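Next come the chains, spelled out residue by residue.
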Amino acid sequence: MYNRLFMLFFVLFTSYFPSAFATELENSTENWKLADIPPKLVQTNTTETIFASVAGEMRPVADLNPDHGFYAFNPAGDYCAMQFGNDYAFVKTAQLSTKKPRYVPEADRLNDLQNPIYDNLITTQKTAVYNSTKKNGKQIATLRENLRYPVLVRMIKTDKKGEKTGWLTIRLGDRLGYIRLDDVSLDKGIPVLTYHHILKNSENKHFRETSTTTSVEAFRDQMNYLKTEGFQTLSLADLEDYLNKSANLPGKAVVLTFDDGLKSVHRYALPILRHNKQQATLFVISSRIKTKPQNWSADTLQFMTKKEIKESQDVFNIQSHTHFLHRLDIRGTPVVFSRKEHTIMLDFRHSMDILQKFEPEQRYLAYPFGAYNQSAVDAARDAGIHIAVTTIQGKVRLGDNPFTLKRLYAYSTDPISKFAQMVGNSEKSVFNQNVIVDN
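Fair warning: this is a prediction, and the values are worked out from it, not measured in the lab.

K.L.:
Looking at this structure, how should I read the overall build of the protein?
P.N.:
Looking only at helices and strands, the protein has eight helices and 26 strands in total. Along the first, second and third principal axes, the C-alpha atoms of the protein reach 75 × 75 × 40 Å. Within the protein, the proportion of its 439 residues that are buried is 51%. In the structure as shown, the protein presents an accessible area of about 21800 Å², 49% of it carried by carbon and sulfur atoms. Here the protein carries 55 positive and 47 negative side-chain charges, and the mean point of each set is 3 Å from the other.

K.L.:
Sorry if this is basic, but what is going on with helix H8 (residues 416-423) here?
P.N.:
Every buried residue of H8 is listed here: Phe419, Met422 and Val423. Down the axis, H8 shows its buried residues gathered within 85 degrees of arc, on one side only. Those residues of H8 that are buried lie in contact with strand E17 (192-195), helix H2 (216-228) and strand E26 (405-409).

K.L.:
Could you clarify how one ought to interpret the nonpolar core in this entry?
P.N.:
The nonpolar side chains of soluble globular proteins are, as a tendency, buried together. Of all hydrophobic cores here, the largest spans 38 residues; its most connected members are Leu256, Phe258 and Phe316. Counting residues per element, the ones that place at least two in this core are E17, H2, strand E21 (253-260), helix H4 (263-276), strand E22 (280-284), strand E23 (316-320) and H8. When residues in this core are grouped by element, the largest group, six residues, is from H4. When sequence neighbours within four positions are dropped, the list of residues in contact with Phe258 reads Tyr195, Phe219, Val265, Ala269, Leu273, Ala280, Thr281, Leu282, Phe283 and Phe316. Judged by nonpolar contacts, the second largest core, of 30 residues, contains Val54, Val61, Phe84 and Leu186.

K.L.:
It is not clear to me how helix H6 (residues 341-355) should be interpreted in this structure. Could you clarify?
P.N.:
Because the α-helix completes a turn every 3.6 residues, residues three or four places apart line up on one side. Helix length check: H6 (15 residues) gives 21 Å between terminal C-alpha atoms against 21 Å at 1.5 Å per residue, within 8%. Where H6 is concerned, the buried positions are Ile344, Met345, Asp347, Phe348, Ser351, Met352 and Leu355. The buried residues of H6 occupy an angular sector of 160 degrees when the element is viewed end-on, so they sit on one face. Those residues of H6 that are buried are in contact with E22, E23, strand E24 (364-366) and helix H7 (374-382).

K.L.:
Just checking my understanding: could you explain the environment of Ala376 for this structure?
P.N.:
Checked against the element boundaries, Ala376 lands in helix H7. For Ala376, a relative accessible area of 0% translates into the label buried. On a C-alpha basis, the gap between Ala376 and Phe403 in space is 9.3 Å, while along the polypeptide they are 27 residues apart. Setting aside anything within four residues of it in sequence, one finds Ala376 in contact with Val336, Ile344, Phe348 and Tyr367.

K.L.:
Before we go on, may I ask you to explain the confidence of the model for the protein in this structure?
P.N.:
Interpretation of the predicted coordinates at a detailed level should be avoided for regions scoring low in pLDDT. Looking at the protein as a whole, its pLDDT mean stands at 91, while 91% of the residues score no less than 70. Note on residues 1-22: pLDDT is under 50 here. Beyond four places in sequence and across chains, it has 40 contacts.

K.L.:
What is the right way to read a nonpolar patch on the surface from this model?
P.N.:
Taken together, the side chains of Phe51, Met58, Tyr79 and Phe90 present a nonpolar region at the surface, about 360 Å² in accessible area. Here Tyr79 falls in the partly exposed class, since its relative accessible area comes to 33%.

K.L.:
Even after reading the chapter, I still don't get the pattern of salt bridges, so can you show me in this structure?
P.N.:
If the charged atoms of two oppositely charged side chains come close together, the side chains can form a pair. All chains considered together, the criterion is met by 13 salt bridges. Bridged by salt links that share partners, the residues Glu240, Glu361 and Arg363 form one connected network.

K.L.:
Would you mind going over the pairing of strand E5 (residues 57-64) with me for this structure?
P.N.:
Every regular strand shows the same layout, with side chains that alternate between the two sheet faces. Both strand E4 (residues 48-54) and E5 contribute to a ladder of seven bridges, which runs antiparallel. Bridge assignment links Ala52 to a residue of E5, and that residue is Arg59. The antiparallel pairing of E4 with E5 creates a hairpin that spans two residues between the two strands, and Ala55 there sits at a positive phi of about 50 degrees. Relative to strand E11 (residues 139-143), E5 runs antiparallel, the two sharing three bridges. Bridge pairing in E11 links Ala62 to Leu143.

K.L.:
Would you explain unusual backbone geometry in this entry?
P.N.:
Trans peptide bonds make up most of the peptide bonds, and negative phi angles are found at most residues other than glycine. Phi angles above zero are rare outside glycine, and Asn146 is one such case at about 65 degrees. Note on placement: Asn146 falls in the loop between E11 and strand E12 (148-151). At Lys277, a position not held by glycine, the phi torsion is positive, near 60 degrees. In this structure, Lys277 sits in the loop between H4 and E22.

K.L.:
Can you walk me through the environment of Thr390 in this structure?
P.N.:
Mapped onto the elements, Thr390 comes out in strand E25 (residues 387-393). For Thr390 and Phe369, which are 21 residues apart along the polypeptide, the C-alpha to C-alpha distance reads 7.9 Å. Apart from residues no more than four positions distant in its own chain, Thr390 is found in contact with Tyr367, Gly370, Tyr372, Thr404, Leu405, Lys406 and Arg407. Among the polar contacts listed, one links the side chain of Thr390 to the backbone nitrogen of Ile392, at a separation of 3.1 Å.

Analysis parameters
- Think of each chain on its own: its residues are numbered from 1, step by step along the sequence as written.
- Residues qualify for local features only when their pLDDT is at least 70, as the model is predicted, and side-chain atom pairs are given and counted only at 80 or more; totals for whole chains, interfaces and linings, by contrast, use all residues.
- Computation of side-chain values: all heavy atoms of the structure, hydrogens and water removed.
- Put simply, DSSP marks the helices as runs of H or I at least four residues long and the strands as runs of E at least two long, and each gets a number from the N terminus on.
- Burial classes: relative accessible area under 20% of the type maximum marks a residue as buried, over 50% as exposed, and values in between as partly exposed (1.4 Å probe, protein chains only).
- Values of accessible area rely on a 1.4 Å probe in the Shrake-Rupley scheme; residue burial ignores everything except the protein chains shown.
- We treat Lys and Arg as the positive residues and Asp and Glu as the negative residues; His and chain ends play no part in the count.
- All charge positions are set by atom: Lys at NZ, Arg at CZ, Asp at CG, Glu at CD.
- Note that the arc is defined by the directions from the helix axis to the C-beta atoms.
- Two residues form a contact once any of their heavy atoms are found within 4.5 Å.
- Among the buried residues, those of types Ala, Val, Leu, Ile, Met, Phe, Trp, Tyr and Cys that are joined through side-chain atoms within 4.5 Å form a nonpolar core.
- Expected helix span is given by 1.5 Å per residue-to-residue step, counting one fewer step than there are residues.
- Per residue, pLDDT captures the predictor's confidence, and it can take any value from 0 to 100.
- Each patch is built from salt-bridge-free residues with over 30% relative accessible area, joining like charges within 9 Å and nonpolar side chains (Val, Leu, Ile, Met, Phe, Trp, Tyr) within 5 Å.
- Within this document, salt bridges are pairs made up of a side-chain nitrogen of Lys or Arg and a carboxyl oxygen of Asp or Glu, the two lying within 4 Å of each other.
- At least two DSSP bridges between two strands are needed for those strands to be called paired.
- A 3.5 Å cut-off defines polar contacts: any pair of N or O atoms within that distance qualifies, except that in protein one atom must be a possible hydrogen donor and the other a possible acceptor, and neighbouring residues in sequence count only when both atoms are side-chain atoms.

The structure is reproduced here in structure tokens:
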């Protein structure tokens with residue numbers, strides 16, 4: 001969890017040391033200790049909105065009901081911090097009462113507060129949080145819509161009439177809260193969309209049979225849908241936080257990735273993303289970066305120049321798609337399968353070194369043609385990669401191996417209704433099969 005609210009204090013044993021050693025001791029950190037300052041039980045005077053960072057954007061996330069106890073840390077200025085999901089939320093200090101809460105949280109006899117996060121819920125509307133699963137349980141808070149919130153326990157309660165109700169146990173303000181399962185959806189994963197080549201329908205003469213060529217018209221419609229429906233485009237750093245359970249994320253979330261570093265992406269995708277204020281990751285084949293500009297041609301695969309990559313960095317985070325490994329052998333098989341682990345690792349590092357000129361933090365990798373084996377996975381880890389993506393179809397779920405993450409292809413021919421199902425949190429997994437890649 002980021003932004004841990006710890007405090008360092010320094011203990012000087014001056015009575016045991018001569019004054020000659022005082023200066024040296026004061027400049028030393030040898031006797032520093034890390035102290036975990038526990039939160040204090042508080043309540044709000046009235047119903048109070050709290051704010052938290054959700055994928056880097058500070059926004060209202062919940063409303064606390066008065067008279068109910070929560071735990072908050074000592075105020076820093078006008079706000080107090082309190083545990084919220086995977087991180088912290090902030091409540092106005094002036095709205096906290098000095099009185100003991102009327103309803104003190106029940107003791108956690110089952111140690112549910114210590115349970116690891118095993119799932120997320122997604123709120124699609126304002127969602128009530130209760131102090132118990134009993135019929136007379138009181139509402140302690142309301143979660144706002146469009147949140148992806150960690151779940152500790154899932155349970156089924158059966159009443160005297162035999163009727164069953166599903167409940168989810170969460171941690172809020174360092175106390176337990178309970179949400180009816182019917183009021184929310186369970187997290188089906190985060191979609192990571194893959195794009196390669198972008199062309200206008202009118203100019204596409206040679207790439208109509210490849211799944212990885214998307215029309216400008218379809219791409220614009222897809223991006224406009226994401227914007228209109230309130231989807232937040234996440235970075236791969238956000239996705240890493242998702243897998244590490246270390247940050248709060250929205251319910252409507254999608255990751256955009258572009259493989260190869262093609263000129264068509266700069267020409268057509270960049271203006272659309274820039275207009276919509278959407279971010280994406282550009283996986284670049286570092287050996288194919290051009291130094292001189294090329295005249296545009298829709299009939300071949302052209303690659304970006306250094307200048308084009310640099311001027312696109314307001315939208316794209318530049319990461320590696322290998323250096324010399326994006327090739328096929330004489331049998332049409334990705335050459336990564338025939339290379340030793342050390343050779344693969346050296347290629348990854350060489351690519352990362354080159355791309356550091358654009359983006360110093362090289363942490364993410366797209367395997368060439370999505371091809372990988374255990375040697376490639378081990379090489380990625382040894383090279384310092386944090387996340388590696390494949391072309392296997394599906395969403396990224398909690399617990400997935402960060403070195404073999406799935407992605408999704410949206411075809412130009414897909415209607416928006418299918419695209420909506422693909423990126424949404426639907427019960428049914430929707431993805432395209434038999435992807436034909438541009439070689």
